[in-house]
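Structural overview for review
The primary structure of each chain is shown beneath.
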Amino acid sequence: MIHLPRGAAAPLSVLAALLMAGAPLAAQGARVPFTPGMVVTRSTAIVPGRYRIPAGDSSTAAIVVRGDGIALDMSGVELIGYDDARAPDRFTGVGVRIEGGRDVS
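Residues numbered from 1 in each chain as written. Predicted model: local features only at pLDDT ≥ 70, side-chain atom pairs only at ≥ 80, totals over all residues. Heavy atoms only, no water.

**Quick word on the environment of Y82**
Inspection of the secondary structure puts Y82 in the loop between β8 (77-80) and β9 (94-99). In the structure, Y82 is positioned 30 residues away from R52 in sequence and 8.2 Å away in space, judged by C-alpha atoms. With residues up to four places along the chain from it excluded, the contact list for Y82 reads R52, A87, R90 and F91. (Helix = DSSP H or I, 4+ residues; strand = E, 2+ residues; numbered from the N terminus. Contact = heavy atoms within 4.5 Å.)

As C-alpha coordinates, then:
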(Lines give C-alpha, C1' and ligand atoms only; values in the text may rest on other atoms or scores of the structure.)
Protein backbone atom coordinates (compact mmCIF):
# COMPACT_ATOMS: atom_id res chain seq x y z
CA MET A 1 0.00 0.00 0.00
CA ILE A 2 1.04 3.56 -0.63
CA HIS A 3 0.29 6.08 2.10
CA LEU A 4 0.87 9.79 1.59
CA PRO A 5 0.56 12.40 4.34
CA ARG A 6 -2.42 14.74 4.33
CA GLY A 7 -2.05 17.35 1.60
CA ALA A 8 0.81 15.44 -0.02
CA ALA A 9 1.24 15.24 -3.76
CA ALA A 10 3.07 12.59 -5.75
CA PRO A 11 4.92 13.93 -8.81
CA LEU A 12 4.08 12.18 -12.07
CA SER A 13 7.56 10.65 -12.31
CA VAL A 14 7.28 9.11 -8.82
CA LEU A 15 3.73 7.95 -9.45
CA ALA A 16 4.72 6.32 -12.75
CA ALA A 17 7.58 4.47 -11.07
CA LEU A 18 5.27 3.17 -8.34
CA LEU A 19 2.66 2.06 -10.86
CA MET A 20 5.25 0.29 -13.00
CA ALA A 21 6.44 -1.57 -9.90
CA GLY A 22 2.96 -3.03 -9.58
CA ALA A 23 2.13 -1.59 -6.17
CA PRO A 24 -1.09 -3.37 -5.13
CA LEU A 25 -3.95 -1.08 -4.24
CA ALA A 26 -7.36 -2.48 -3.37
CA ALA A 27 -10.54 -0.60 -4.14
CA GLN A 28 -14.15 -1.42 -3.48
CA GLY A 29 -15.74 0.80 -6.15
CA ALA A 30 -16.49 0.04 -9.79
CA ARG A 31 -13.88 0.69 -12.50
CA VAL A 32 -14.21 4.14 -14.00
CA PRO A 33 -12.43 5.73 -16.95
CA PHE A 34 -9.68 8.24 -16.16
CA THR A 35 -10.57 11.89 -16.71
CA PRO A 36 -7.89 14.59 -16.18
CA GLY A 37 -8.65 16.54 -13.02
CA MET A 38 -11.06 13.91 -11.72
CA VAL A 39 -12.05 14.07 -8.04
CA VAL A 40 -12.33 10.75 -6.18
CA THR A 41 -14.54 10.77 -3.05
CA ARG A 42 -14.98 7.02 -2.49
CA SER A 43 -12.95 3.87 -3.14
CA THR A 44 -12.48 3.59 -6.88
CA ALA A 45 -10.64 1.53 -9.48
CA ILE A 46 -9.58 3.26 -12.69
CA VAL A 47 -9.82 1.41 -16.00
CA PRO A 48 -6.31 0.20 -16.95
CA GLY A 49 -4.65 2.01 -19.83
CA ARG A 50 -2.15 4.64 -20.94
CA TYR A 51 -3.51 8.12 -20.44
CA ARG A 52 -1.88 11.21 -21.94
CA ILE A 53 -2.38 14.18 -19.67
CA PRO A 54 -1.19 17.74 -20.09
CA ALA A 55 1.71 18.68 -17.85
CA GLY A 56 0.74 21.28 -15.30
CA ASP A 57 2.14 23.07 -12.32
CA SER A 58 1.85 21.99 -8.70
CA SER A 59 -1.53 23.74 -8.29
CA THR A 60 -3.29 21.19 -10.52
CA ALA A 61 -3.42 17.42 -10.28
CA ALA A 62 -4.41 14.62 -12.65
CA ILE A 63 -6.43 13.01 -9.83
CA VAL A 64 -7.62 14.57 -6.56
CA VAL A 65 -8.62 12.29 -3.66
CA ARG A 66 -10.91 13.83 -1.01
CA GLY A 67 -12.09 11.96 2.05
CA ASP A 68 -11.05 9.39 4.62
CA GLY A 69 -10.48 5.66 4.16
CA ILE A 70 -10.39 5.77 0.35
CA ALA A 71 -8.59 3.15 -1.74
CA LEU A 72 -7.59 4.21 -5.25
CA ASP A 73 -6.77 1.22 -7.46
CA MET A 74 -4.62 2.29 -10.40
CA SER A 75 -3.37 -1.18 -11.34
CA GLY A 76 -2.40 -1.13 -15.01
CA VAL A 77 -2.77 2.66 -15.26
CA GLU A 78 0.02 4.77 -16.75
CA LEU A 79 -0.26 8.55 -16.65
CA ILE A 80 1.92 10.14 -19.33
CA GLY A 81 2.63 13.83 -18.96
CA TYR A 82 5.77 14.16 -21.09
CA ASP A 83 6.70 12.34 -24.27
CA ASP A 84 10.42 11.80 -23.64
CA ALA A 85 10.85 9.36 -20.74
CA ARG A 86 14.62 9.86 -21.03
CA ALA A 87 14.30 13.44 -19.73
CA PRO A 88 12.71 13.07 -16.27
CA ASP A 89 13.99 16.47 -15.14
CA ARG A 90 11.51 18.04 -17.53
CA PHE A 91 8.48 16.38 -15.93
CA THR A 92 6.11 18.82 -14.23
CA GLY A 93 2.77 18.57 -12.52
CA VAL A 94 1.14 16.41 -9.89
CA GLY A 95 -0.19 12.91 -10.54
CA VAL A 96 -2.31 12.34 -7.42
CA ARG A 97 -3.11 14.88 -4.72
CA ILE A 98 -4.66 13.88 -1.37
CA GLU A 99 -6.78 16.75 -0.03
CA GLY A 100 -8.02 16.70 3.53
CA GLY A 101 -8.03 12.93 3.86
CA ARG A 102 -6.46 10.24 5.97
CA ASP A 103 -6.05 6.50 5.59
CA VAL A 104 -5.92 6.89 1.81
CA SER A 105 -4.21 4.11 -0.13
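**Side note on the pattern of salt bridges**
Throughout the structure, instances matching the rule amount to five salt bridges. A salt bridge links R50 to E78, with the nearest nitrogen and oxygen atoms 3.6 Å apart. Residue R50 is found in strand β5 (residues 49-52), and its partner E78 is found in strand β8; the two are separated by 28 residues along the sequence. Taking the shortest distance from any N to any O, the salt bridge between R66 and E99 comes out at 2.8 Å. A residue pair is termed long-range when its members are at least 10 positions apart, and R66 in strand β6 (residues 61-66) and E99 in strand β9 qualify at 33 residues. Judged by its relative accessible area of 39%, R66 is partly exposed. Under the relative-accessibility criterion, E99 is labelled partly exposed at 29%. Members of the salt-bridge network, linked through shared partners, are R66, R97 and E99. (Salt bridge = Lys/Arg side-chain N within 4 Å of Asp/Glu carboxyl O. Buried < 20%, exposed > 50% of the residue type's maximum accessible area, 1.4 Å probe, protein only.)

**A few points about unusual backbone geometry**
Located in the positive-phi region is D103, a residue other than glycine, with phi close to 55°. Its place among the elements puts D103 in the segment after β9.

**Focus on the nonpolar core**
One finds F34, I46, I63, V65, L72, M74 and L79 to be the most contacted residues of the largest nonpolar core, which totals 17 residues. Of all the elements in the fold, those that place two or more residues in this core are β3 (38-40), β6, β8 and β9. Ranked by the residues each element gives to this core, the list is headed by β6, at three residues. In this structure I46 touches R31, V32, P33, F34, M38, Y51, I63, L72, D73, M74 and V77, once residues within four positions along its chain are discounted. (Core = buried A, V, L, I, M, F, W, Y, C linked by side-chain atoms within 4.5 Å.)

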